[in-house]
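Structural description and commentary
Residues per chain are reported as follows:
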Amino acid sequence: MTDEEKLDYLINLFTRRLTDDKDKRRLIEEQEVRLRQAEGGLFRDLQLPLVRGIAAVIDRLDKYEGADPGFVQGVRDELLELLELNGIREVPTDQGFDRAQHEAAAVRAEEGAEPGSIVEVWNRGYARDTWVFRPARVVIAP
């Protein structure tokens, strides 16, 4: 085998291995997408009703004005931590109104508030990964 033939053989081998690596990487990415979709379906079917129920309890705790607010705040914080440990994050409301994460429940003028800013949160919102399954219900400035 001549040097030129050896070089051609090595180039061909290298090209095939690169193609195989690209194909394997593409297949792995496709499987990761399928796995995330399957996990999302299981979450929707099994956990979502429970999470929505916990969110409703948290809403009631947020509005509590009874004799022991410290105890209620502790229970609320524990429930929020439990959600977080299970991959549920609270939708942020301190960065301005975002239609993908917030539902404008009302509009109210507030002195010093910038247009479109959130002036009050009526109900917390929740998300899992990038899916906002419960937008935060907020009041925004006009």
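Residues numbered from 1 in each chain as written. Predicted model: local features only at pLDDT ≥ 70, side-chain atom pairs only at ≥ 80, totals over all residues. Heavy atoms only, no water.

Next up on the list: the sheet that holds strand β3 (residues 118–123). Judged by pairing direction, the sheet is mixed, and its 3 strands sit side by side in the order β2-β6-β3 without closing on themselves. The open sheet is flanked by β2 (102–107) and β3, the only strands paired with a single partner. The mean angle between the axes of side-by-side strands here comes to 35°, regardless of whether they run parallel or antiparallel. The sheet contact formed by β2 and strand β6 (residues 136–140) spans 5 bridges and is parallel. Each bridged residue has a counterpart across the sheet, and for Ala106 the counterpart in β6 is Val139. (Pairing = 2+ DSSP bridges. Helix = DSSP H or I, 4+ residues; strand = E, 2+ residues; numbered from the N terminus. Axes fitted to C-alpha atoms, helices over the stretch in contact; angles between N-to-C directions.)

Here we come to the sheet that holds strand β5 (residues 131–134). Reading across from one edge, β1-β4-β5 is the order of the 3 strands in this open sheet, with antiparallel pairing throughout. The strands lining the two open edges of the sheet, one partner per strand, are β1 (88–90) and β5. Between one strand axis and the next, the sheet turns through 40° on average, direction left out of account. Pairing of strand β4 (residues 126–128) with β5 involves 3 bridges; the strand directions are antiparallel. Paired with Tyr126 across the strands is Arg134, a residue of β5.

Let us look at the packing of aromatic side chains. All chains considered together, the criterion is met by 1 aromatic pair. Seen from their ring centres, Trp131 and Phe133 are 5.4 Å apart, and the 50° between their planes marks the pair as tilted. (Phe/Tyr/Trp six-rings, centres within 6.5 Å; stacked < 30°, edge-to-face > 60°.)

Moving on, we come to a nonpolar patch on the surface. Together, Met1, Tyr9 and Leu10 make up a nonpolar patch on the protein surface, roughly 380 Å² of accessible area in all. Considering the arrangement of structural elements, one finds Met1 in the segment before α1 (3–62). (Patch = residues over 30% accessible without salt bridge, like charges linked within 9 Å, V, L, I, M, F, W, Y side chains within 5 Å. Areas by Shrake-Rupley, 256 points an atom, 1.4 Å probe, with all protein chains shown as cover. Salt bridge = Lys/Arg side-chain N within 4 Å of Asp/Glu carboxyl O.)

With that settled, consider the side chain of Asn123. By the secondary structure assignment, Asn123 is in strand β3. On the basis of relative accessibility, which here comes to 13%, the residue Asn123 falls in the buried class. A polar atom in the side chain of Asn123 sits 3.1 Å from the side chain of Asp59. Aside from chain neighbours lying at most four places away, what touches Asn123 is Asp59, Lys63, Arg134, Ala136 and Arg137. (Buried < 20%, exposed > 50% of the residue type's maximum accessible area, 1.4 Å probe, protein only. Polar contact = N/O pair within 3.5 Å; in protein donor to acceptor, adjacent residues only side chain to side chain. Contact = heavy atoms within 4.5 Å.)

What follows concerns the side chain of Arg76. On the secondary structure map, Arg76 appears in helix α2 (residues 69–85). Arg76 sits in the buried class, given a relative accessible area of 15%. For Arg76, the side chain forms a polar contact with the side chain of Asp62, separated by 3.2 Å. When near neighbours in sequence (up to four residues on either side) are disregarded, Arg76 contacts Ile58, Leu61, Asp62 and Arg124.

On their own, these measurements won't tell you what the molecule is for.
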